[in-house]
Amino acid sequence: KKMTRVTKALSGFRKAHPPRSRPPIPDELAAAISAVQMAKGHRTSALLTWVGQRCYFRPGERLKIQVQDLLPPAGGAGLGRQQWSIQVAPEDRLEPSKTQTFDDTIMVDESPRLGALLGRVASGKAPTAPLFDLAPGLVRQQWSEACSLLGFPELVSYQLRHGGASSDLLARKRAMGEVMSRMRVRTLITLRRYAKPGRITLMLQRMSP
């Protein structure tokens, strides 16, 4: 009986104080952050920023990507065979994703140039080497520096994941189901919590031309 009352109390609390999420980062702002990082000579961080935005990665996932997880086009007539892709949480490493799944695949379908650039980054490295060889602390430092220079010191890189999904929905680049699959979330409730195309417009209004 006590547990029942606790469960009801928690349910009531969640209704009174629903979970909040940070606003998504528009593609334009993500591109600006990446450009500032490039101008500072932080090329790996610049690529990390854009990959996080366009592939909906969680921040920690990007640094776990190994060279062998980047899959080049296989050739052939099928559209999927002509694109680069990234495997997330391969089962043979026994490290599931946040949603406890293995072998999720993210298609790098935004631009053939992005896949080719990732291929050049991977070239010459051992299969088990990190694709993005940067310490987490340095990634955060270079991110914060770029955001501060642009006048957005409060941003965190997790907002890139939200931003990519929200930007795609706003521009109607992807259907809701495709965005949900790409985000690797299990429910529409979770998707609606993070993918908020309307808030993209609010963020754009904060940006100068």
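Residues numbered from 1 in each chain as written. Predicted model: local features only at pLDDT ≥ 70, side-chain atom pairs only at ≥ 80, totals over all residues. Heavy atoms only, no water.

Turning our eyes to something else, we now look at the pairing of strand S3 (residues 104-108). The side-chain alternation of S3 yields one buried face, formed by Asp104, Ile106 and Val108, and one unburied face, formed by Thr105 and Met107. Where strand S2 (residues 84-88) and S3 come together, 5 bridges link them in antiparallel fashion. When the sheet's bridge partners are listed, Trp84 is paired in S3 with Val108. (Buried < 20%, exposed > 50% of the residue type's maximum accessible area, 1.4 Å probe, protein only. Helix = DSSP H or I, 4+ residues; strand = E, 2+ residues; numbered from the N terminus. Pairing = 2+ DSSP bridges.)

Under the criterion given, the structure shown has 0 aromatic pairs. Across from the ring centre of Tyr56, 5.3 Å away, lies the NZ or CZ of Arg182, which sits over that ring. (Phe/Tyr/Trp six-rings, centres within 6.5 Å; stacked < 30°, edge-to-face > 60°. Lys NZ or Arg CZ within 6 Å of the ring centre and 35° of its normal.)

Before going further, it helps to spend a moment on the nonpolar core. Counting 22 residues, the largest nonpolar core has Val51, Phe57, Leu70, Ile86, Leu118, Leu131 and Phe132 as the members making the most contacts within it. Secondary structure elements with two or more residues in this core: helix H3 (43-55), S2, S3 and helix H5 (112-122). With 4 residues, H3 is the single largest residue contributor to this core. Grouped together as the second largest cluster of nonpolar side chains are 12 residues, Ala30, Ile33, Ala146 and Leu155 included. (Core = buried A, V, L, I, M, F, W, Y, C linked by side-chain atoms within 4.5 Å.)

Moving on, we get to unusual backbone geometry. Positive phi is not limited to glycine here, since Tyr56 has a value of about 60 degrees. Checked against the element boundaries, Tyr56 lands in the loop between H3 and helix H4 (59-64). Despite not being glycine, Arg184 has its phi angle at roughly 60 degrees, a positive value. Its location among the elements puts Arg184 in the loop between helix H8 (176-183) and helix H9 (188-194).

Within S2, 4 of the 5 residues are buried, leaving the element largely enclosed by the surrounding structure. Relative to S2, strand S1 (residues 70-71) runs antiparallel, the two sharing 2 bridges. Looking at the pairing, Leu70 lines up with Ile86 of S2.

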